[in-house]
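A closer look at the structure
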Amino acid sequence: MTRQNAGQGRAPQAPDPRADLVLQVRDLHYAYPPLHEGDEFVDVLRGVDLDLHPGEFVSVMGPTGAGKTTLALALNGIVPRSTGGRYRGEVLVHGASTKEHEVAELAPSVGVVFQDPETQLFCMSVEDEVAFGMENLGVPAPQMRTRLAEALALVGMSEYRTRSPRQLSGGQKQRVAIAAVLAMRPSVIVLDEPTSGLDPIGKHEVFSVVEQLRREHSIAVVMIEHECDQIAQFSDRVLLLEAGRVITEGPPADVFYDQEAVARAGVCIPQVAEVATELNALTGSAHRFLTVADAFVGLHDQEVA
Ligand SMILES: Nc1ncnc2c1ncn2[C@@H]1O[C@H](COP(=O)(O)OP(=O)(O)O)[C@@H](O)[C@H]1O
Ligand SMILES: [Mg+2]
């Protein structure tokens with residue numbers, strides 16, 4: 001069918017709400033290959049669906065072994081391209097299937113930041129670190145300089161460009177790892193427990209930078225984390241993953257008050273949500289606080305009423 005006759009004689013179609021999705025995960029099943037020949041495959045992902053719009057901040061929580069890292073690796077095709085195993089369903093990055101495109105082709109669109117910044121940083125200086133991925137992509141030198149400066153400015157690390165990554169704090173190292181991914185101009189950034197080795201200041205630095213990226217640059221975020229206070233504050237949606245399945249999904253105010261799902265996935269809930277739950281049980285109120293600021297406003301309004 002040509003462009004000219006497309007749709008002729010048919011009612012005009014409503015715009016496809018999925019057309020602007022940056023990432024689509026469709027009924028994804030995955031099992032790693034067994035360690036020993038003849039052993040059974042063990043299913044790790046068992047039917048995961050996820051749609052991601054530009055600038056959306058989606059968090060994934062769940063117990064160890066739920067399949068969170070495996071899901072992260074499936075988003076840029078490392079699973080199954082490098083891992084083998086048994087795979088069913090589909091991951092589409094801007095509509096392109098990870099089954100049909102190499103990891104190197106997908107890496108510029110989907111940037112992944114891992115838990116341990118030590119394993120991601122290996123160059124002599126911060127600027128070499130951020131330039132490394134771009135060099136591999138063959139970005140021309142003048143463009144590379146612009147992107148390098150931009151990426152370091154975005155994560156607040158411009159002053160450190162000539163330093164050795166070894167001299168940085170944990171939070172700063174993670175910000176450099178994020179800058180290296182940003183220099184590739186991704187539309188999605190996937191972070192797999194990026195703050196678990198960091199002190200509270202480092203955790204705050206990482207969450208603030210990521211929040212700013214999605215707010216000011218419409219970069220979609222998949223954040224795999226256990227930090228429920230920060231997740232409650234920043235996420236548009238939270239997915240609870242248990243044994244390779246999404247057991248509940250929704251805005252944080254719904255997910256953190258779904259007591260059955262929270263208990264099944266063994267995740268923490270923000271302390272103010274615990275207070276609200278106890279208060280609701282005692283007084284019959286229906287508070288759904290997620291932050292101290294919410295609680296302040298809600299309790300003040302109740303007092304006034
Ligand atoms: N490379 C691998 N080969 C075989 N099994 C693996 C591999 N990586 C992870 N697994 C198994 O897959 C399951 C899910 O692991 P993972 O995705 O790392 O979960 P999470 O990140 O939620 O802790 C676990 O049972 C783990 O042992
Ligand atoms: Mg993991």
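Sequence order as written defines the numbering, with residues in each chain counted from 1. Whichever chain is written first becomes A and whichever ligand is written first becomes 1, with later ones labelled in order. Owing to the predicted nature of the model, reporting of local features is limited to residues with pLDDT of at least 70; listing and counting of side-chain atom pairs is limited to 80 or more, with chain, interface and lining totals taken over all residues. Working from all heavy atoms in the structure, the side-chain values ignore hydrogens and water.

Domain annotation of the protein identifies domain 1 (23–119 + 188–268) and domain 2 (270–305). One C-alpha centre belongs to domain 1, the other to domain 2; they are set 30 Å apart. Contacts are assigned to residue pairs that have any heavy atoms within 4.5 Å of one another. Each partner contributes to the interface: domain 1 provides 11 residues, whereas domain 2 provides 11 residues. Taken over both partners, the interface formed by domain 1 and domain 2 buries close to 800 Å², and the fraction arising from carbon and sulfur atoms is 62%. By definition here, a salt bridge exists when the distance from a side-chain nitrogen of Lys or Arg to a carboxyl oxygen of Asp or Glu is within 4 Å. Taken together, the links from domain 1 to domain 2 amount to one salt bridge. Between Arg288 and Asp254 there is a salt bridge, with its nearest N and O atoms 2.8 Å apart. In protein, a polar contact requires one atom able to donate a hydrogen and another able to accept it; more generally it is a pair of N or O atoms within 3.5 Å, and residues adjacent in sequence count only if both atoms are side-chain atoms. For the interface between domain 1 and domain 2, the tally reads three residue pairs in polar contact (both at pLDDT 80 or more). In DSSP terms, a helix is any run of H or I states spanning at least four residues, a strand is any run of E spanning at least two, and both are numbered starting from the N terminus. Those elements giving two or more residues to the side of domain 1 that touches domain 2 turn out to be helix H9 (228–234) and helix H10 (252–255). Among the elements that make up the side of domain 1 that touches domain 2, the one with the highest residue count is H9 (four residues). Each residue is assigned to one class: nonpolar for Ala, Val, Leu, Ile, Met, Phe, Trp, Tyr, Cys and Pro, charged for Asp, Glu, Lys and Arg, and polar for all the others, Gly among them. Across the side of domain 1 that touches domain 2, the residue classes tally to seven nonpolar, two polar and two charged. An automatic or database domain assignment supplies the residue ranges for each domain. Buried area adds together the accessible area that both of two parts lose upon being put together, with accessible area traced by a 1.4 Å probe.

With that settled, consider the site of ligand 1. As a matter of local geometry, ligand 1 sits amid Tyr32, Val44, Pro63, Thr64, Gly65, Ala66, Gly67, Lys68, Thr69 and Thr70. Between Gly67 and ligand 1, the recorded distance is 3.0 Å, taken from a backbone N or O atom to an oxygen atom. Contact distances for ligand 1 include 2.5 Å between an oxygen atom and a side-chain N or O atom of Thr70. Areas reported here follow the Shrake-Rupley algorithm with a probe of radius 1.4 Å; residue values treat only the protein chains shown as occluding. Isolated, ligand 1 exposes 560 Å² of accessible area, and the fraction of that covered by the protein chains is 57%. The element that contributes the greatest number of residues to the shell around ligand 1 is helix H1 (residues 68–75), accounting for three residues. Tallied by class, residues from the shell around ligand 1 come to four nonpolar, five polar and one charged. One heavy atom within 4 Å of a molecule or strand makes the whole residue count as near it.

With that settled, the discussion passes to the nonpolar core. The term nonpolar core refers to a set of buried residues drawn from Ala, Val, Leu, Ile, Met, Phe, Trp, Tyr and Cys, joined through side-chain atoms within 4.5 Å. Residue burial is assigned from relative accessible area. The probe radius is 1.4 Å, only protein chains are included, and a residue is buried under 20% of its type maximum, exposed over 50%, and partly exposed in between. Val130, Ile178, Leu182, Ile189, Leu191 and Val210 are the most contacted members of the largest nonpolar core, which totals 36 residues. Within the residue set of this core, elements represented by two or more residues are helix H5 (126–137), helix H6 (141–154), helix H7 (170–182), strand S7 (188–192), helix H8 (200–217) and strand S8 (220–224). At six residues, the largest contribution of residues to this core is made by H7. For Val130, the contacting residues outside a window of four places in its chain are Leu148, Ala151, Leu152, Val176, Ala179, Ala180 and Ala183. Of all hydrophobic cores here, the second largest spans 32 residues; its members include Leu45, Ala66, Ala74 and Ala220.

To continue, consider the confidence of the model for the protein. Every residue is assigned a pLDDT by the predictor, reflecting its confidence on a scale from 0 to 100. For the protein, the average pLDDT comes to 89, and 93% of its residues sit at 70 or higher. Scored below 50 in pLDDT, residues 1–9 shows three contacts in the model against residues more than four places distant or in partner chains.

Strands are treated as partners if at least two bridges between them are detected by DSSP. If you trace the six strands from one edge of the open sheet to the other, you get S6-S7-S8-S3-S9-S10, paired in mixed fashion. Sheet topology places strand S6 (110–113) and strand S10 (245–250) at the edges, where each strand pairs with a single neighbour. Neighbour-to-neighbour, the strand axes of the sheet open up by a mean angle of 20 degrees, direction not taken into account. Inspection of the sheet shows S7 paired to S8 by five bridges, in the parallel sense. Opposite Ile189, over in S8, you have Val221 as the bridge partner. Helix axes are fitted to C-alpha atoms over the stretch in contact, other axes to C-alpha atoms as well, and angles between N-to-C directions run from 0 to 180 degrees.

With that settled, the discussion passes to the environment of Phe114. One can find Phe114 in the loop between S6 and helix H4 (117–120). You can call Phe114 partly exposed: its relative accessible area is 29%. Considering only alpha carbons, one finds Phe114 and Phe234, 120 residues apart in sequence, at a separation of 19 Å. Every residue in contact with Phe114, bar those within four places of it in the chain, is listed here: Leu73, Gln120, Gln174, Asp192 and Pro194.

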